[in-house]
Amino acid sequence: MKPAPFEYHRPTTVAEATDLLAEHGDAELLAGNQSLGIVMANRLATPDHLVDLNTVEELAYVEERDDAVAIGAMTRHRTIERSGLLAERLPMLPEAAEQIAGPSVRNRGTLGGSVGEADPAGNYPAALVALDATLEIVSAEEEREVPVSDYFVAYMFTDLAEDELIRAAEIPTDPFPPDRTGMAFLELKPTAQTWPTVSAATAVRVDDPDADEPVVEEARLALANAADVPLRVGEAETEVEGEPLSEGVLEAVAEKATAAADPEDEMHADSEFKIEVAGEYARRSLAKSYDRATNATTDDTTEP
Ligand SMILES: Cc1cc2nc3c(=O)[nH]c(=O)nc-3n(C[C@H](O)[C@H](O)[C@H](O)COP(=O)(O)OP(=O)(O)OC[C@H]3O[C@@H](n4cnc5c(N)ncnc54)[C@H](O)[C@@H]3O)c2cc1C
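Residues numbered from 1 in each chain as written. Predicted model: local features only at pLDDT ≥ 70, side-chain atom pairs only at ≥ 80, totals over all residues. Heavy atoms only, no water.

Asks: Requested: an account of the site of the ligand, with residues and values cited.
Replies: Lining the immediate environment of the ligand, one finds 31 residues, of which E28, L29, L36, T110 and E117 sit closest. Here an oxygen atom of the ligand sits 2.8 Å away from a polar atom, N or O, in the main chain of Q34. Between the ligand and the protein, one listed contact pairs an oxygen atom with a side-chain N or O atom of T110 at 2.6 Å. Isolated, the ligand exposes 980 Å² of accessible area, and the fraction of that covered by the protein chains is 91%. For the shell around the ligand, the element with the highest residue contribution is helix α7 (residues 111-117), accounting for five residues. Counted by class, the shell around the ligand contains 14 nonpolar, 15 polar and two charged residues. (Near = heavy atom within 4 Å. Polar contact = N/O pair within 3.5 Å; in protein donor to acceptor, adjacent residues only side chain to side chain. Areas by Shrake-Rupley, 256 points an atom, 1.4 Å probe, with all protein chains shown as cover. Helix = DSSP H or I, 4+ residues; strand = E, 2+ residues; numbered from the N terminus. Nonpolar A, V, L, I, M, F, W, Y, C, P; charged D, E, K, R; others polar.)

Here is the structure:
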């Protein structure tokens, strides 16, 4: 099937893009077209107007700010995968990017498209929830900042209004000094090109990486595809904080993640299996983060 007819617009600035959204009630934004094209070809979306962001150059950047890194909405997965700044300050993001599909999807797909699509299986949604990111959202009328945890409302349903676009995500870096932080993005998927069954996005900051038993000061855990929105598991984070990471703590993490997960059945994985993977990958990803923060070796790669 071919997409239903639409009028195509090619703005060159954010202001032009938001004016077009204000003018045309039934407009859809076009970013990397790795998801929208499929949806439109199947006529699951039939917008009358398409606003192409590919010529809005001001939306493509990775930049350091005061105690934060900002990533523009039109930044491609490939750029995130290869960013030296992100590798140093927020390595969870390049690790999440490099596992998305194959090179053709990563060369075109964007951060804004992934967050705009809001698939709970998406890599960035879970990573940004784990990292306490804030989204910059703009319309022709106003600009607002939304904590990413408030943005994902229900299954593929978000806080974004029809006349708004995501301009950037800002991620605080002060909780994560590189010399005593470890991060990981770990996913299970049936084949390299497909979406993951379940993923875990984790970060761990320790007090002293050279101590005999470094104590975890702060831990983060979010799961992808384990619920109808990206799932932050605060109960598991509390289990980890305030002591060195031990096998007992990791068992408690797996229990909390398992209890929090509430996924749907899918063709290749029923909910029972996804819950089991959620617990195992939460445990495994936190162990990897701790190892990276401390140069220890607690990571256990037994298959679930
Ligand atoms: C074979 C395949 C495998 C994939 N595997 C994975 C995977 O494992 N993990 C993963 O995370 N993703 C995966 N993806 C999805 C990929 O990451 C896409 O790039 C992403 O979902 C959509 O990004 P896009 O830039 O192509 O957006 P588009 O397809 O252009 O747009 C997607 C939606 O976002 C909206 N949108 C775009 N930009 C904005 C903006 N700035 N503000 C608000 N809304 C906006 C659009 O209107 C549209 O509704 C896969 C895709 C394919 C084709």
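Alright, that's what it looks like, and here's the rest.
Asks: I'd like a rundown of the sheet that holds strand β5 (residues 68-72), residues and numbers included.
Replies: In space, the five strands of this open sheet follow the order β4-β5-β10-β6-β7, with antiparallel pairing throughout. Edge positions in the sheet fall to β4 (62-65) and β7 (143-147), since each has one partner strand and no second. Within the sheet, the average angular offset between the axes of one strand and its neighbour, ignoring direction, is 25 degrees. Two elements, β5 and strand β10 (residues 165-172), share five bridges in a ladder whose sense is antiparallel. Across the sheet, A68 pairs through a bridge with P172, a residue of β10. Along the sheet face, helix α1 (residues 14-23) touches β6 (134-138) and β10 and points at about 130 degrees away from the line of β10. (Pairing = 2+ DSSP bridges. Axes fitted to C-alpha atoms, helices over the stretch in contact; angles between N-to-C directions. Contact = heavy atoms within 4.5 Å.)

Asks: How would you sum up the pairing of β5? Please name residues and give values.
Replies: Here β5 lies mainly inside the structure; five of its five residues are buried. By the alternation rule, side chains of β5 split into A68, A70 and G72 and V69 and I71, which are all buried. Sheet analysis places β4 next to β5, joined by four bridges and oriented antiparallel. Opposite E64, over in β5, you have V69 as the bridge partner. The turn joining β4 and β5, which pair antiparallel and follow one another in sequence, is formed by two residues; a positive phi near 50 degrees is taken by D67. (Buried < 20%, exposed > 50% of the residue type's maximum accessible area, 1.4 Å probe, protein only.)

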